[in-house]
Amino acid sequence: MGERGAATVKRDLRTGTPYWLRRGTARRASGPLDANREVDVAVIGAGVSGALVADALLQSGKSVLVLDRRGPVKGSTPASTALLQFEIDQPLIHLARKIGYQRAVRAYWRSATAVDFLRGRIADLGIRCGFRERQTVYLPGNVLNVTGLKKEAAAREAVGLRSRFISADELRALTGIEKRGAVLSSGAGEVDPVAMVNGLWRSALARGASIHAPTEVVDIHSSRAHVSLATADGHVVRARHAVFATGYEVVKLVKPRGYKVMSTWAMATGRQPARLWPGRSLIWEASDPYLYLRTTLDGRVIVGGEDEEFADEEKRDALIPKKIAAIRRKLERLLPALDSKPEFSWTGCFGTSVTGLPAIGAIPGSPRCFAILGYGGNGITFSVIAAQLIQRAILGLRDPDAELFALPA
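First things first, this report covers the structure right here in the doc.

Here the focus is the overall build of the protein chain. Tallying secondary structure elements over the protein chain gives 10 helices and 19 strands in all. Relative to a compact globule of 409 residues, whose C-alpha radius of gyration would be 22 Å, the protein chain shows 21 Å and is just as compact. With the C-alpha coordinates aligned to their principal axes, the bounding extent of the protein chain is approximately 65 × 45 × 40 Å. Counting across all 409 residues of the protein chain, residues that qualify as buried make up 60%. If you take every contact in the protein chain between residues at least 6 apart in sequence, the share linking residues at least 24 apart comes to 76%. About 16,200 Å² of surface is accessible on the protein chain, with carbon and sulfur atoms providing 49% of the total. Computed over 57 positive and 40 negative side-chain charges, the inter-centroid distance for the protein chain is 2 Å.

This is how it looks when you write it as structure tokens:
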């Protein structure tokens, strides 16, 4: 089938100065596509998902060509706060009611193993990106109160996930936060997303991948034999498979139902290592909208939230002062000993789904085409799952969780 015009929705994905770009952006060996090409797999999108998919396919011996309308790490990636959690936006006890107990448990376990896989892959490739193992602290809020958190912790423990309910005293000792209790989980992590993705692309280029940017895909034709991608400059990529890792600029071949693009806001404080909480756990609330925070290796606090449905870039950007002020007030109430003054602040897009799960897999009606709709708050974790699912699909291998994340027909 074919798709005319720009192949994906166009959005200004972020505004402001993300902390991860404080040293500028790294240059990659990329330039616009200047000739027709044939390749095993064309990956459209050079962010987190595209980098992890390219890495997985190179491991499988496939030739990989990457196209991006901007360039590596120039879209949503720098806007990420990069809390690597196995927890999904929907608590396990709520997700079980939405999709069934067994499917909910599978989703949580797949997310948990994805964090472990990413840690190992970063080590294997020798990427210096500040990865650190962390615990997560899940605070009571308007989604789950203390009673609800106790039920959530028990549900996770019952299936072997590394979570337990902690008392107010233990919470205070770990974080300095005054609440009646929380869910403490192990198996999480944090990372510098820009350094990680830059490292993945360095490795991919060294192993034979090519990146072409800025290059706009304007026409897609897929058949049982191959996929043809036409660019705005008049060149054509002929591939055995195409993977659309375009983030929140959704490929127009996909008509997702029940998904929304949201706006989120975030900030990073000044350095204050002496004021940080012991253990530097990742902290988030069982609230809607929720507050989420982490530390950095140089002693800052990154905090975000105040999410609302995306309207347009102008409205989102105009709200930066108001939203950052609201985030500061929440941070001050939660941890009054911190200096909440921001040195960096930014806003960006992300997506939500009814279940909090992403949509990953073959595009219905478009042979040999795959898409990654990494909706939910765990974008990087879901990108790892996407790379695994798509690698196996292209190799003709069955993944037991493929149907759990499949794109709707």
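Moving on, we get to the nonpolar core. With 85 residues, the main nonpolar core has Val 191, Met 196, Trp 201 and Val 243 as its most contacted residues. If you look at the next biggest cluster of nonpolar residues, it comprises 25 residues, including Ile 220, Ala 239, Val 261 and Ala 371.

What follows concerns the packing of aromatic side chains. Within a pair of aromatic rings, the relevant descriptors are the distance that separates the centres and the angle that separates the planes. Here the structure, examined in full by the defined rule, presents six aromatic pairs. For the ring pair Phe 86 and Tyr 108, a centre distance of 6.3 Å and an interplane angle of 75° mean the geometry is edge-to-face. On the criterion of sequence distance, the pair formed by Phe 86 in the loop between strand S5 (83-84) and helix H2 (92-99) and Tyr 108 in helix H3 (residues 101-125) is long-range, its members being 22 residues apart. For Tyr 108, a relative accessible area of 0% gives the class buried. Relative to Tyr 292, the ring of Tyr 290 lies with its centre 5.6 Å away and its plane at 65°, an arrangement referred to as edge-to-face. Judged on exposure class, the residue Tyr 290 and its partner Tyr 292 are both buried. Above the plane of the ring of Tyr 19 lies Arg 22, whose end atom (NZ or CZ) is 4.0 Å from the centre. Above the face of the Trp 265 ring, Lys 323 is positioned so that its terminal group lies 4.9 Å from the ring centre.

One can find Arg 110 in helix H3. Its relative accessible area of 8% is what places Arg 110 among the buried residues. At a separation of 3.2 Å, a polar atom in the side chain of Arg 110 contacts the side chain of Gln 388. Not counting residues within four places of it along the chain, the set of residues in contact with Arg 110 comprises Ile 385, Gln 388, Leu 389, Arg 392, Asp 399, Asp 401 and Phe 405.

For strand S19 (residues 369-373), a buried count of five out of five residues is recorded, marking the element as mostly surrounded by other parts of the structure. Both faces of S19 are covered, namely the face carrying Cys 369, Ala 371 and Leu 373 and the face carrying Phe 370 and Ile 372. Inspection of the sheet shows strand S12 (residues 236-244) paired to S19 by three bridges, in the parallel sense. Paired with Phe 244 across the two strands is Ala 371, which belongs to S19. In this structure, strand S18 (residues 359-362) lies alongside S19, joined through four bridges in antiparallel fashion. Residue Ile 360 lies in a different strand from S19, and its bridge partner there is Ile 372. Counting the residues between successive antiparallel strands, the hairpin from S18 to S19 contains six residues, one of them, Gly 365, with a positive phi of roughly 85°.

Between its terminal C-alpha atoms helix H6 (residues 193-206) stretches 20 Å, which fits the 20 Å expected from 14 residues at 1.5 Å a residue. When H6 is considered as a whole, its buried residues turn out to be Pro 193, Val 194, Ala 195, Met 196, Val 197, Asn 198, Gly 199, Leu 200, Trp 201, Ser 203 and Ala 204. At the N-terminal end of H6, a side-chain oxygen is found 3.0 Å from the backbone nitrogen of Val 194, two or three residues along, and the residue is Asp 192.

Next up on the list: the pattern of salt bridges. Should their charged atoms come close, side chains of opposite charge can pair. Here the structure, examined in full by the defined rule, presents 26 salt bridges. Notably, a salt bridge pairs Glu 87 with Arg 156, separated by 3.2 Å at the nearest N-O pair. Taken together, the residues span a long stretch of sequence, with Glu 87 in the loop between S5 and H2 and Arg 156 in helix H4 (residues 146-158) at a distance of 69 residues. Each member of the pair, Glu 87 as well as Arg 156, carries the same accessibility label: buried. A salt bridge links Asp 124 to Arg 121, with the shortest nitrogen-to-oxygen separation between them at 3.9 Å.

Taking 1.5 Å of rise per residue, 12 residues should cover 16 Å, and helix H1 (residues 48-59) covers 17 Å from first to last C-alpha, within 8% of that figure. Among the 12 residues that make up H1, 11 are buried, leaving the element largely enclosed by the rest of the structure. Within the span of H1, buried status applies to Val 48, Ser 49, Gly 50, Ala 51, Leu 52, Val 53, Ala 54, Asp 55, Ala 56, Leu 57 and Leu 58. Where H1 ends, the next residue or the one after it, Gly 61, has phi of about 85°, a positive value.

Thresholds, definitions, all that
- Residues numbered from 1 in each chain as written.
- Predicted model: local features only at pLDDT ≥ 70, side-chain atom pairs only at ≥ 80, totals over all residues.
- Heavy atoms only, no water.
- Helix = DSSP H or I, 4+ residues; strand = E, 2+ residues; numbered from the N terminus.
- Rg over C-alpha atoms; globule rule 2.2 N^0.38 Å.
- Buried < 20%, exposed > 50% of the residue type's maximum accessible area, 1.4 Å probe, protein only.
- Contact = heavy atoms within 4.5 Å.
- Areas by Shrake-Rupley, 256 points an atom, 1.4 Å probe, with all protein chains shown as cover.
- Lys, Arg positive; Asp, Glu negative; His and termini not counted.
- Charge placed at Lys NZ, Arg CZ, Asp CG, Glu CD.
- Core = buried A, V, L, I, M, F, W, Y, C linked by side-chain atoms within 4.5 Å.
- Phe/Tyr/Trp six-rings, centres within 6.5 Å; stacked < 30°, edge-to-face > 60°.
- Lys NZ or Arg CZ within 6 Å of the ring centre and 35° of its normal.
- Polar contact = N/O pair within 3.5 Å; in protein donor to acceptor, adjacent residues only side chain to side chain.
- Pairing = 2+ DSSP bridges.
- Expected span 1.5 Å × (residues − 1).
- Salt bridge = Lys/Arg side-chain N within 4 Å of Asp/Glu carboxyl O.

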